[in-house]
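# A structural walkthrough
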Amino acid sequence: MWTAALVHSVLHYFNITVAIRNVCVLLAPFFASNTAIATYLFTREVTDNGTGLVAAAMIAVAPGYISRSVAGSYDNEGIAIFALIFTFFTWVRALGTGSLFWSGLCSLAYFYMVSAWGGYIFIINLIPLHALVLLLSGRYSNRLYVSYCTFYVLGTILSMQIRFVGFQPVQSSEHMAALGVFGLLQIYVFVNWVRTLVPPQSFRIVFRTALIASVSALTVVGVLGTYLGYISPWTGRFYALLDPTYAKDHIPIIASVSEHQPTTWASFFFDLHALCFLFPAGLFFCFRKLTDLNIFVIIYGIMSVYFAGVMVRLMLVLAPIACVIGAIAISTTLRTYMKQIRRARPASNASASATANLSRPAAAKRAARVAQNSGKPIETTHEGQEQVGYVVVAGITLLLVFYILHCTWVTSEAYSSPSIVLAARGMDGGKIIFDDFREAYYWLRQNTAEDAKVMSWWDYGYQIAAMANRTILVDNNTWNNTHIAQVGKAMSAYEDVAYEVMRKLDVDYVLVLFGGLTGYSSDDINKFLWMVRIGGSCDSSIKEQDYYSKEGQYVVDGTASHKMLNCLMYKMCYYRFGKVFTEHGKPPGYDRVRNCEIGNKNVELEHLEEVYTTEHWLVRIYKVLPPMNRGTSPASTRA
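What you see is a predicted model, and the numbers here were worked out from it, not measured in a lab. (Residues numbered from 1 in each chain as written. Predicted model: local features only at pLDDT ≥ 70, side-chain atom pairs only at ≥ 80, totals over all residues. Heavy atoms only, no water.)

### Observations concerning the confidence of the model for the protein
Here is the rule: Predictor confidence is given residue by residue as pLDDT, running from a minimum of 0 to a maximum of 100. Note on definitions: a residue-residue contact is assigned when non-hydrogen atoms from the two residues lie within 4.5 Å.
On average, residues of the protein score 85 in pLDDT, and 89% of them are at 70 or above. Low pLDDT, under 50, characterises residues 347-358; the predicted model gives this stretch 7 contacts beyond four residues in sequence or across chains.

### Here we look at the sheet that holds strand 8 (residues 608-613)
What counts, and what does not: A pair of strands is labelled paired if DSSP reports no fewer than 2 bridges between them. A run of H or I in DSSP counts as a helix once it spans at least four residues, and a run of E counts as a strand once it spans at least two, with each numbered from the N terminus.
Strands sit in the order 4-3-5-9-8 across an open sheet of 5 strands; the sheet is mixed. Edge positions in the sheet fall to strand 4 (471-472) and strand 8, since each has one partner strand and no second.

### Observations concerning the packing of aromatic side chains
Stated formally: The aromatic pairing rule takes the rings of Phe, Tyr and Trp, using the six-membered ring of Trp, and pairs them if the centres are within 6.5 Å, calling planes under 30 degrees apart stacked, those over 60 edge-to-face and the rest tilted. Relative accessible area decides the class of each residue, using a 1.4 Å probe on protein chains only: under 20% of the type maximum gives buried, over 50% gives exposed, and in between gives partly exposed.
Applying the stated criterion to the full structure yields 38 aromatic pairs. Each ring, one from Tyr148 and one from Tyr152, has its centre 6.2 Å from the other, and the planes form 10°; the classification is stacked. Here the residue Tyr148 and the residue Tyr152 both occupy positions in helix 8 (residues 142-159), the gap between them amounting to 4 residues, near one helical turn. According to the relative accessible area criterion, Tyr148 is buried, its value standing at 0%. Look at Tyr152 and you get buried, because its relative accessible area is 6%. Taken together through their ring pairs, the aromatic side chains of Phe30, Phe31, Phe82, Phe86, Phe89, Phe101 and Trp102 make up a single cluster.

### A look at a nonpolar patch on the surface
Heads up, the rule is: Like charges are joined within 9 Å and nonpolar side chains (Val, Leu, Ile, Met, Phe, Trp, Tyr) within 5 Å, but only among residues with over 30% relative accessible area and no salt bridge; these make up the patches. What sets the accessible areas is the Shrake-Rupley method with a 1.4 Å probe; for residues, cover comes only from the shown protein chains. For salt bridges, the criterion is a side-chain nitrogen of Lys or Arg within 4 Å of an Asp or Glu carboxyl oxygen.
Taken together, the side chains of Leu6, Val10, Tyr13, Phe14 and Ile16 make up a nonpolar region of the molecular surface, amounting to roughly 570 Å² of accessible area. The residue Val10 is located in helix 1 (residues 2-13) in this model. According to the relative accessible area criterion, Val10 is partly exposed, its value standing at 40%.

### As for the packing of helix 24 (residues 481-492) against helix 26 (residues 524-536)
This is how it is decided: Simply put, an axis is a line fit to the C-alpha atoms, just over the touching stretch for a helix, and the angle between two N-to-C directions goes from 0 to 180 degrees. Here roughly perpendicular refers to angles of 65 to 115 degrees, roughly parallel to angles under 35, roughly antiparallel to angles over 145, and oblique to all remaining angles. When the near helix sits turned anticlockwise from the far one by under a right angle, the crossing is termed left-handed; a clockwise turn instead gives a right-handed crossing. By the convention adopted, Pro, Cys, Tyr, Trp, Phe, Met, Ile, Leu, Val and Ala count as nonpolar, Lys, Arg, Asp and Glu as charged, and the other residues, Gly among them, as polar.
Look at helix 24 against helix 26: their axes get within 7 Å of each other, and the N-to-C directions meet at 125°. In terms of orientation, helix 24 and helix 26 fall into the oblique class. Where helix 24 crosses over helix 26, the two elements pack in a sense that is left-handed. On the side of helix 24, the interface is formed by Asn481, Ile484, Ala485, Gly488, Lys489, Met491 and Ser492, while helix 26 contributes Phe528, Met531, Val532, Ile534 and Gly535. Residues belonging to the contact of helix 24 with helix 26 are distributed by class as follows: 7 nonpolar, 4 polar and 1 charged.

Rendered as structure tokens:
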């Protein structure tokens with residue numbers, strides 16, 4: 001928000017009248033262009049100008065990054081990736097020059113990253129890891145000492161000015177690696193200084209004593225700090241990155257987010273395309289010519305691949321470095337084979353005419369003698385060298401053309417439509433628009449009381465609050481896990497039990513998503529097990545096994561368990577659905593997502609009343625009925 005306000009103020013200062021809404025809409029594409037420039041600068045610092053241009057061109061169209069940089073994507077990631085790459089650029093520049101200016105600029109870039117996104121933890125662990133690898137591999141230099149110490153001290157002080165960070169940089173376990181490397185550098189420099197003052201025999205004794213004392217002191221301080229609560233333990237999200245199964249067992253609310261699921265190979269290819277194959281080749285070229293800066297690229301690439309495999313969301317972190325390493329592979333390969341093409345051609349028209357009457361072996365010998373007399377290294381040629389070069393260059397060109405076509409197609413099909421308006425292809429290839437979400441939210445806004453409370457799963461909380469202007473129980477920013485568990489308990493319980501929970505929460509309406517008619521797979525039935533798990537994390541009476549069939553499968557057909565067929569979520573999704581024909585040749589009540597006939601076609605509601613279902617049945621809204629008086633029936637209450 002500060003960035004958008006600053007851009008808006010600068011534009012108005014120069015008398016460029018732009019509405020703040022337009023600034024917010026176009027902020028992500030603006031920073032995406034800045035990211036391309038930062039990627040060029042970063043790659044140029046590591047390799048050369050040509051490779052930097054290739055990397056900038058690839059990140060400009062990479063689907064893995066465009067997914068968060070399209071117009072209207074007003075999110076932290078829209079500016080965070082620019083801050084991430086610019087921080088890394090200033091780091092490698094500072095390390096390459098040993099300049100205090102670039103080290104200080106790296107600290108400022110890190111400060112901006114801390115204020116923009118919680119993913120700054122990646123930076124404050126990756127840069128210390130790079131410094132540690134350089135130290136252990138014998139690549140220590142004064143440039144490393146100056147750049148890292150300046151970055152850590154200034155960066156830590158600046159980051160502590162951010163309110164939600166506070167003293168975490170000196171108390172949190174996620175930041176202890178940076179502090180440890182900082183201390184290790186001081187010890188290393190001190191030991192080198194002592195080495196110049198004492199004889200070798202005495203130095204060995206001093207070194208062993210200092211090493212044992214330092215390790216012991218650090219161990220005691222770490223144990224006491226953790227025991228006394230000064231050093232906070234690793235958070236659940238950090239454990240989830242190290243162990244992909246941790247969140248499912250201990251923090252189901254985190255594991256329930258679709259962006260936190262492990263990445264499939266199809267997703268890698270969908271978001272990276274040719275970079276999946278260029279990435280290993282680029283790493284090979286980096287290993288073949290190890291420098292301080294190449295080592296950073298290698299570490300960044302390997303760590304990003306691992307974390308992107310753990311969470312789909314972190315594909316955003318992998319995309320920039322994949323473009324950089326892919327550009328290194330392309331640039332190195334093209335440079336190699338273009339040299340072969342030039343080498344195979346005659347050096348000049350004069351030399352061509354001089355060797356025109358000679359056989360090819362004779363021409364090769366003549367060229368070798370000329371090179372030997374001139375003192376230059378002899379460049380050997382072989383039969384078909386020029387043709388091989390042309391084939392490789394043409395192949396890489398074709399690969400890049402397909403990369404551009406794939407990126408354009410993915411961007412237009414997957415990332416160019418608003419998430420609230422769905423699009424699909426009909427049998428004739430025409431586009432079908434599903435505008436059920438806006439339809440439902442508009443109905444809520446126009447037909448419910450202003451103080452009405454709506455219960456839904458937390459995924460749709462922001463949309464209901466913003467577009468329907470109604471109070472919701474949980475949303476994307478609900479930190480109270482118990483509160484979300486109460487919603488999960490209501491959805492997974494029998495209707496009588498759920499009604500008591502809803503009455504306690506003062507719920508007026510319940511909203512569910514259902515895709516059985518249209519084939520929309522991201523509906524509440526497919527998310528239902530996460531509601532059960534989150535509800536069960538706070539109520540031991542909710543057991544996940546109760547919702548599986550006898551064969552241990554999660555189904556909605558006739559083999560489903562009794563509790564599954566009669567829970568509130570099942571009833572609200574399949575109410576009146578048992579009489580609906582969805583496909584030709586299929587029985588009524590055929591679910592197009594689960595590809596089966598539902599098991600309970602005669603759903604009846606006692607405490608809820610259906611008040612609205614959208615055109616394609618994607619959103620269904622139910623009203624919570626008031627308590628019945630004694631001697632009255634549900635029908636009279638509805639009347």
